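Coordinates in review
Take a look at the letters that make up each chain.
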Amino acid sequence: MSHVMNTYARLPVAFTRGNGAWLTGDDGHEYLDALAGIAVNGLGHGHPKLTAALVEQVGRLIHVSNIYRISEQEQLADRICALTGLDEVFFANSGSEANEGALKLARMYGHKHGNAEAQTIVMEHAWHGRTLATLAATGSEKARKGFDPLPSGFIRVPYNDLAAVEKAAAADPRVQAIWLEVLQGEGGIRMADRGYLRDLRRLCDERGWLLMVDEVQCGIARTGKWFGYQWADIRPDVVTLAKGLGSGVPIGAVVAGGRAAGTLGPGNHGTTFGGSPLACRAGLETLRIIEEENLLANAEAMGQRIRDGFAAALQGIAGVVSIRGEGLMIGIELDRPCGDLVSQALASRLLINVTQDRVIRLVPPLVINAREADEIVARLAPLVRSFVGVPAPQAA
Ligand SMILES: *Cc1c(COP(=O)(O)O)cnc(C)c1O
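So, here's what we can say about the structure. (Residues numbered from 1 in each chain as written. Predicted model: local features only at pLDDT ≥ 70, side-chain atom pairs only at ≥ 80, totals over all residues. Heavy atoms only, no water.)

**Examining the environment of Pro48**
Note the threshold: We count a stretch as a helix when DSSP gives it H or I for four or more residues in a row; a strand needs E for two or more, and each element gets its number in order from the N terminus.
Structurally, Pro48 is set in helix α2 (residues 48–60). Remark: the alpha-carbon pair of Pro48 and Asn19, spanning 29 residues in sequence, is separated by 9.4 Å.

Take a look at the structure:
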């Protein structure tokens with residue numbers, strides 16, 4: 001029996017090395033990676049430029065402490081602020097931890113504005129993490145079950161529904177922030193309407209609230225823009241980042257600007273590991289390589305190619321509810337639970353994931369090429385067809 005705590009129903013494969021969008025299993029097979037460690041390995045596996053930079057960094061400096069200035073951290077903060085148009089960054093080690101920081105910021109913001117019971121409006125189907133506060137904000141009852149008492153201070157409303165936000169706000173004068181993913185990941189690859197996001201921006205400006213955006217999954221070029229909210233041409237007050245930022249080296253970030261800037265000061269928040277020279281170097285190199293290799297455009301083009309490929313291969317099949325997403329954050333919703341497709345795909349040497357029981361999630365590396373994009377469709381479409389009971393078309 002394994003001594004690893006049993007918190008994951010793990011698939012029966014381990015990987016020994018990787019190259020781009022491909023992973024080598026300990027069974028000797030090559031697997032096409034359409035999951036990228038859940039939207040983490042944007043540069044794929046074993047990227048030579050990233051590897052060289054990290055090797056150099058490990059040999060020079062891994063960790064010092066936030067008691068000192070950290071040049072890599074300052075450089076990465078500059079870069080992130082240039083990309084977001086925001087003002088300051090706190091570095092953490094994961095998405096949950098970045099989100100905890102954002103929540104603490106929202107509460108401190110409330111306190112500083114005479115609101116000692118600041119409430120944050122959050123969304124149904126939201127996913128913000130597994131720590132107690134981020135779990136309380138998360139929409140999944142399954143994830144929350146058994147962990148009461150959870151921190152309070154959240155008002156949950158239906159996603160993409162402005163009237164619900166206005167109604168909740170009218171009912172509670174303590175509201176201080178709205179927090180959402182502009183493209184829900186775990187929640188089933190659902191994108192908020194651009195008009196709705198602009199309305200939230202306007203509402204927050206009218207009321208002096210913080211608009212906080214969880215870009216942990218959809219940020220860092222995943223959707224074909226640096227950040228998902230850029231599709232709506234808005235600028236949030238707080239943005240959290242993690243997954244794709246360090247290409248697998250753990251890093252999270254709370255980015256604040258506008259009325260949120262300057263909320264947290266010395267002694268309000270901290271971390272031992274966050275913002276280390278190694279993690280920030282990984283972030284810097286990741287952003288540099290994304291730019292150098294034109295991966296925003298690639299994510300958009302390859303995402304479109306994959307969605308078009310599935311639209312053609314699954315055309316007219318009743319069991320396929322929708323094929324959606326933005327860039328390389330793709331969902332294929334079926335009319336029935338389809339978790340079994342994960343192991344079927346594994347047997348076809350393709351790594352995928354299913355979320356919300358019925359939504360196939362594809363978040364391949366940003367470096368994927370056209371041949372690999374087509375191969376994802378070629379391996380998965382026949383499995384989907386037979387899963388919903390439609391025979392594969394005869395080869396011409
Ligand atoms: C994955 C995820 C998180 C949690 O990040 P961890 O690094 O697992 O703590 C938070 N928000 C969103 C949108 C995510 O996709």
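Right, picking up where we left off after that structure.
**Things to note about the site of the ligand**
Note the threshold: Definition of nearness: a residue and a molecule or strand are near each other if at least one heavy atom of the residue lies within 4 Å of the molecule or strand. Each polar contact in these results corresponds to two N or O atoms within 3.5 Å; when the atoms are within protein, one needs to be able to donate a hydrogen and the other to accept it, and residues that are neighboring in sequence are counted only if both atoms are side-chain atoms. All accessibility values rest on the Shrake-Rupley procedure with a 1.4 Å probe; residue burial counts only the protein chains present in the view. Ten residue types, Ala, Val, Leu, Ile, Met, Phe, Trp, Tyr, Cys and Pro, are classed as nonpolar, four, Asp, Glu, Lys and Arg, as charged, and the remainder, Gly among them, as polar.
Around the ligand, the structure places Ser94, Gly95, Ser96, Asn99, Trp127, His128, Gly129, Glu181, Asp214, Val216, Gln217 and Lys243. Within the side chain of Lys243, a nitrogen or oxygen atom sits 2.6 Å from an oxygen atom of the ligand. Protein burial of the ligand: of its 380 Å² of free accessible surface, 80% is covered by the chains. Take the shell around the ligand: its biggest share by element is 3 residues, from helix α4 (residues 95–112). By residue class, the composition of the shell around the ligand is 2 nonpolar, 7 polar and 3 charged.

**Here's the deal with the packing of α2 against helix α9 (residues 277–292)**
How we decide: Axis lines are fitted through C-alpha atoms, for helices just across the contact stretch, and the angle between N-to-C directions can take any value from 0 to 180 degrees. Here the word oblique covers every angle except those under 35 degrees (roughly parallel), over 145 (roughly antiparallel) and from 65 to 115 (roughly perpendicular). Left-handed describes a crossing whose near helix is turned anticlockwise from the far helix by less than a right angle; the clockwise case is right-handed. Two residues form a contact once any of their heavy atoms are found within 4.5 Å.
α9 packs onto α2 with a crossing angle of 160° between their chain directions and a minimal axis gap of 10 Å. Our classification of the angle between α2 and α9 gives roughly antiparallel. Like other packed secondary-structure pairs, α2 and α9 cross with a definite hand, here right-handed. Across the interface between the two elements, Lys49, Leu50, Ala53, Leu54, Glu56, Gln57, Val58 and Arg60 from α2 touch Pro277, Leu278, Arg281, Ala282, Glu285, Thr286, Ile289 and Glu292 from α9. In terms of residue class, the contact of α2 with α9 is built from 8 nonpolar, 2 polar and 6 charged.

**Some details on the pattern of salt bridges**
Let me state the cut-off plainly: Each reported salt bridge corresponds to a side-chain nitrogen of Lys or Arg within 4 Å of a carboxyl oxygen of Asp or Glu. Using a 1.4 Å probe on the protein chains alone, a residue whose accessible area is under 20% of its type maximum counts as buried, one over 50% counts as exposed, and one in between counts as partly exposed.
As enumerated under the stated definition, the model contains 25 salt bridges in all. Residue Lys49 is joined to Glu292 by a salt bridge in which the shortest nitrogen-to-oxygen separation is 2.7 Å. Taken together, the residues span a long stretch of sequence, with Lys49 in helix α2 and Glu292 in helix α9 at a distance of 243 residues. Linking Glu285 and Arg288 is a salt bridge whose minimum nitrogen-to-oxygen distance equals 2.4 Å. A residue pair is termed a helical-turn pair when its members lie 3 or 4 positions apart in one helix, as Glu285 and Arg288 do in helix α9 at 3 residues. Judged by its relative accessible area of 8%, Glu285 falls in the buried class.

**Considerations on the sheet that holds strand β2 (residues 22–25)**
So the rule is basically this: Strands pair, by our definition, only if DSSP identifies at least two bridges between them.
Reading across from one edge, β1-β2-β3-β15 is the order of the 4 strands in this open sheet, with mixed pairing throughout. Since the sheet does not close on itself, it has two edges, and those belong to β1 (15–19) and β15 (350–351), each with one partner. Contacting β2, β3 (30–33) and β15, helix α12 (residues 370–387) crosses the sheet at an angle of about 105° to β3.

**Observations regarding the side chain of Thr134**
Structurally, the position occupied by Thr134 is in helix α5 (residues 132–137). Among the polar contacts made by the side chain of Thr134, one reaches the main-chain carbonyl oxygen of Gly129 at a distance of 3.5 Å. Here the side chain of Thr134 touches Arg130 through a polar contact of 3.3 Å, landing on its backbone nitrogen. Excluding residues within four positions of it along the chain, Thr134 makes contact with Ser96, Asn99, Glu100, Leu103, His128 and Gly129.

**A closer look at the sheet that holds strand β13 (residues 320–326)**
Pairing in this open sheet of 4 strands is antiparallel, and the strands run β13-β14-β17-β16 from one edge to the other. Edge strands, defined here as strands with exactly one partner in the open sheet, are β13 and β16 (353–355). Direction aside, neighbouring strands of the sheet carry axes that sit 25° apart on average. Bridging between strand β14 (residues 329–334) and strand β17 (residues 359–362) involves 4 bridges; their strand directions are antiparallel. The residue bridging Ile330 from the neighbouring strand is Leu362, located in β17. Docked against the sheet, helix α10 (residues 295–313) engages β13, β14 and β17, running at close to 170° with respect to β13.

**A word on the nonpolar core**
Operational definition: Among the buried residues, those of types Ala, Val, Leu, Ile, Met, Phe, Trp, Tyr and Cys that are joined through side-chain atoms within 4.5 Å form a nonpolar core.
Among the nonpolar cores identified, the biggest contains 101 residues, and Met123, Ile178, Phe310, Ile352, Ile360, Leu362 and Leu380 are the most heavily contacted of them. Considering every element that reaches this core, the biggest residue donor is α9, with 8 residues. In this structure Ile360 touches Ile330, Gly331, Ile332, Leu334, Cys338, Leu341, Ile352, Asn353, Val354, Leu380 and Val384, once residues within four positions along its chain are discounted. Core analysis: the second largest hydrophobic core is formed by 23 residues, Ala106, Leu135, Ala177 and Val254 among them.

The quantities given are spatial measurements derived from coordinates; they are silent on function.
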